[in-house]
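Residue-level structural notes
What follows is each chain in one-letter form.
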Amino acid sequence: MSDKTTLILDNILARKSVRHFTGEPVTKACLLMLLKAGMAAPSARNRQPLAFVTVTERKVLDELGEGLPYTKMIFQAGAAIIVCCDSTAELQAGATDLWYQDASAATENILLAVEAMDLGAVWSALYPMREREDHVRKVLALPDHIWPFSIIPVGHPTGEDTPKDKFRPERIHWERW
């Protein structure tokens, strides 16, 4: 394997859900790089229906956390990225229900970039839990045509969280089931 391949695979295998942050702010330059990584994700029929909201204000981060029962780590995160779909984007027939796959790919790209940048993050689902979506929509004043998909608290990790070995050979089938 090439050095590039090794680096990429090592990054993928080192990725972890970080729920413990130092509280230190995340720079705008770092956040812009994470957003570039998210926007580089594949998109069904290249329609690119995604939009992103980045939050760094402590008051807003805390307000988001107050209404999201499984996103309490946001109280120590330095920032959060909310991956959304712009429902006004031109979605071709056959791709109208694929926006959440685009959003999943963007979310994962951001998580991998976070790992590469020695930051920490965790994917916290909003879609399809209407109560969570509505809370984020209200706090961020999202227009009706913007659908929140995931919220990614981002910050400087304390080092408590470690990667898990998720490889399960028994789940692999070759050629046929």
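Quick caveat: nothing in here was measured; it's all calculated off a predicted structure.

Conventions adopted
- Throughout this document, residue positions are counted from 1 along each chain, in the order its sequence is written.
- With the structure being a predicted model, the display of local features is reserved for residues of pLDDT at least 70 and the display and counting of side-chain atom pairs for 80 or more, all residues being used for whole-chain, interface and lining totals.
- The side-chain figures draw on all heavy atoms in the structure; neither hydrogens nor water molecules are used.
- What is meant by a nonpolar core is a set of buried Ala, Val, Leu, Ile, Met, Phe, Trp, Tyr and Cys residues, joined one to another through side-chain atoms within 4.5 Å.
- Partly exposed describes any residue whose relative accessible area lies between the buried limit of under 20% and the exposed limit of over 50%, with all areas from a 1.4 Å probe on protein chains only and scaled to the type maximum.
- A run of H or I in DSSP counts as a helix once it spans at least four residues, and a run of E counts as a strand once it spans at least two, with each numbered from the N terminus.
- Any two residues whose heavy atoms approach within 4.5 Å at even a single point are treated as in contact.
- For two strands to be treated as a pair, DSSP must find no fewer than two bridges joining them.

As a further point, take the nonpolar core. Counting residues in hydrophobic clusters, the biggest one holds 24 residues, and the most contacted among them are Leu34, Ile110 and Val154. Where this core is concerned, the elements lending two or more residues are α2 (28-39), β2 (79-86), α4 (99-116) and β5 (146-155). Here this core takes eight residues from α4, the largest share from any one element. Residues within four places of leucine 34 in sequence aside, it is in contact with Ile81, Ile110, Ala113, Val114, Met117, Leu119 and Val154. Ala80, Ile82, Leu126 and Leu140 belong to the second largest nonpolar core, which has 15 residues in total.

Taken as a whole, helix α5 (residues 130-140) has its buried residues at Arg132, Glu133, His135, Val136, Arg137, Val139 and Leu140. Of the residues trailing α5, alanine 141 is marked for its positive phi of about 55°.

This paragraph deals with the pairing of β5. Regular strands place their side chains on alternate faces of the sheet. Of all ten residues in β5, nine are buried, a share of seventy percent or more. The pairing of β2 with β5 spans eight bridges and is antiparallel. Looking across to β5, one finds that aspartate 86 is bridged to isoleucine 146. Examined bridge by bridge, strand β4 (residues 124-125) and β5 share two bridges and lie antiparallel to one another. Looking across to β5, one finds that alanine 125 is bridged to serine 150.

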